[in-house]
Amino acid sequence: MEQAQAPKKKIIFSGVQPTGIMTLGNYLGAIKNWVELQDDYHCVYCIVNQHAITIRQEPSALKKNTLEAYALMLACGIDPERSVTFIQSHVAAHSQLSWVLSCYTQFGELSRMTQFKDKSAKHADNINAGLFTYPVLMAADILLYQADLVPVGIDQKQHLELSRDIALRFNGLYGNVFTVPDGYFPKTGAKIMSLQDPTKKMSKSDENPNAFISILDAKDTIIKKCRRAITDSEAEVAYREGKDGINNLLSIYSAVTGKTIPEAEAEFSGKGYGDFKTAVGEAVADHLAPVREEFNRLMKAPDHLKDCYRQGAEAAERMARRTLEKVYKKIGFLPPM
Ligand code: AQP
C-alpha cells in the first residue's frame, strides 16, 4: 500500500485526541470535513495522543482509545492510501519542534488561551505545564507539515491564531521557514453544543454521557439522548436567540440531513418538541450507522490497522524531517554529521 507523498496540492493538517470515543461534535466539526477535503488537498491526519496526556489518562485506556480513534478515523471515510494517517507519538519531530517553538512563544500569549483556563478550572488538581503549552505542540503539529489549511471546529480558533503568530514571528526572524496556516471552519456543525447544557460545547470527556452523542452509540441510545436534550418551555421549533437547545438540535439536524435551517423549521412547524427530538435522533443514527459498521469491521483486522498507521508514520516522518532540519539549521544547532 502506498501512502500519498510528493505533495503538489495544498496541504491540510488536522488531529483529534484519543480521549474517548469521538462525539457527534468531533464528527460534524472536524472529521466529516476531513473526508471531503481528501479530494482536493494533500491531507495529513493524526491521532494526537501526546495532547491527550495533558489530562491524566489511564495507560491501558489511552492505548485502547488510540487504536479505536485511528480505526474510527478510517471508518468515517479517511482513506490511508490517499491521506497520511498516523499517531503523533510515532513521529518524534512533533515534540522536537514543540520545544524549539516554546522558546518563541510568550508566557502572556499562552495565559490568554481560553481552553487552558477552562481545562485548568476543570482539572484543578493537575494544572501541569503540558496543559499550558498545549497550543505550542499544536503549532508544531501544523507547522511541521507546512500546512496551508487546518480544518478544526470553531473552539480551536484561538489556538490556530497562535500558531499563525508563532509562524509569522519565526519567519520574521529567519526568513520563510513556515507556511502560515489558515483555519478551515465548517458552515454547519462548527460548534455542536452539549445536549444537557447547550451553552457548553459537546465534549467526549463530559462526565454526563447524556450530554454527548458518541459516534458509536446504538440507534436507540442516540434517540434517547436526543429526547432527553434540554430545550425550553416554548413549543416552537425555530432558530432564534435564547433557544440554545433547539438551535443546537436544528444545527445537528441540518448538518446530518443536508437541509437548511429554514427547511428544517418548516418541516417541524406546528409539531411538538417530542416529534422533533425523535426525528433528530433518527436522522443522526441513520447518518452514523455505516460508520459504526465499518468501525466494527476494522477492529477485527488489527494487523491491517497496524500496517496503515506504520506506513502513515513513515510518510509523515519524511515530511516532518525536512521542516525540522531546516529549523535546526536556521537557529544554529550544530548538525550531528
Ligand atoms: N462540540 C464540538 N463542535 C464542533 N467541533 C468540535 N470539536 C471538538 N468538539 C467539537 C473539534 O473536533 C476536533 C478534535 O477535537 P479534539 O478531540 O482534539 O479536542 P477537543 O476540541 O478538546 O474535543 P473534545 O471532544 O472536547 O475532547 P475532550 O473532551 O477530551 O477535551 C477539533 O477540530 C475540534 O475543534
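Above this text you will find the structure in question.
In this report, we go over the structure that sits alongside the text. (Residues numbered from 1 in each chain as written. Predicted model: local features only at pLDDT ≥ 70, side-chain atom pairs only at ≥ 80, totals over all residues. Heavy atoms only, no water.)

**Details of the pattern of salt bridges**
Inference 1: Counted under the stated rule, the structure contains 17 salt bridges.
Inference 2: Salt-bridge contacts for Lys219 lead to Asp286; the nearest nitrogen and oxygen are separated by 3.1 Å. Linking Lys219 in helix H9 (residues 219–227) with Asp286 in helix H12 (residues 273–299), this pair joins segments that are 67 residues apart in sequence.
Inference 3: Here Asp286 falls in the partly exposed class, since its relative accessible area comes to 48%.
Inference 4: Where Lys243 meets Glu234, a salt bridge forms, and the shortest distance between an N and an O atom there is 2.8 Å.
Inference 5: Residue Lys243 is classed as buried on the basis of its relative accessible area of 2%.
Inference 6: Via salt bridges that share partners, Asp232, Glu234, Glu236, Arg240 and Lys243 belong to a single interconnected network. (Salt bridge = Lys/Arg side-chain N within 4 Å of Asp/Glu carboxyl O. Helix = DSSP H or I, 4+ residues; strand = E, 2+ residues; numbered from the N terminus. Buried < 20%, exposed > 50% of the residue type's maximum accessible area, 1.4 Å probe, protein only.)

**Structural notes on the packing of aromatic side chains**
Inference 1: Scanning the model with the defined rule gives 13 aromatic pairs in all.
Inference 2: Pairing Phe107 with Phe132 gives two aromatic rings, centres 5.0 Å apart and planes at 45 degrees, and the pair type is tilted. On the criterion of sequence distance, the pair formed by Phe107 in helix H5 (residues 107–111) and Phe132 in helix H7 (residues 129–144) is long-range, its members being 25 residues apart.
Inference 3: Among the residues examined, Phe107 registers a relative accessible area of 62% and is labelled exposed.
Inference 4: On the accessibility criterion, Phe132 (14% relative accessible area) is buried. (Phe/Tyr/Trp six-rings, centres within 6.5 Å; stacked < 30°, edge-to-face > 60°.)

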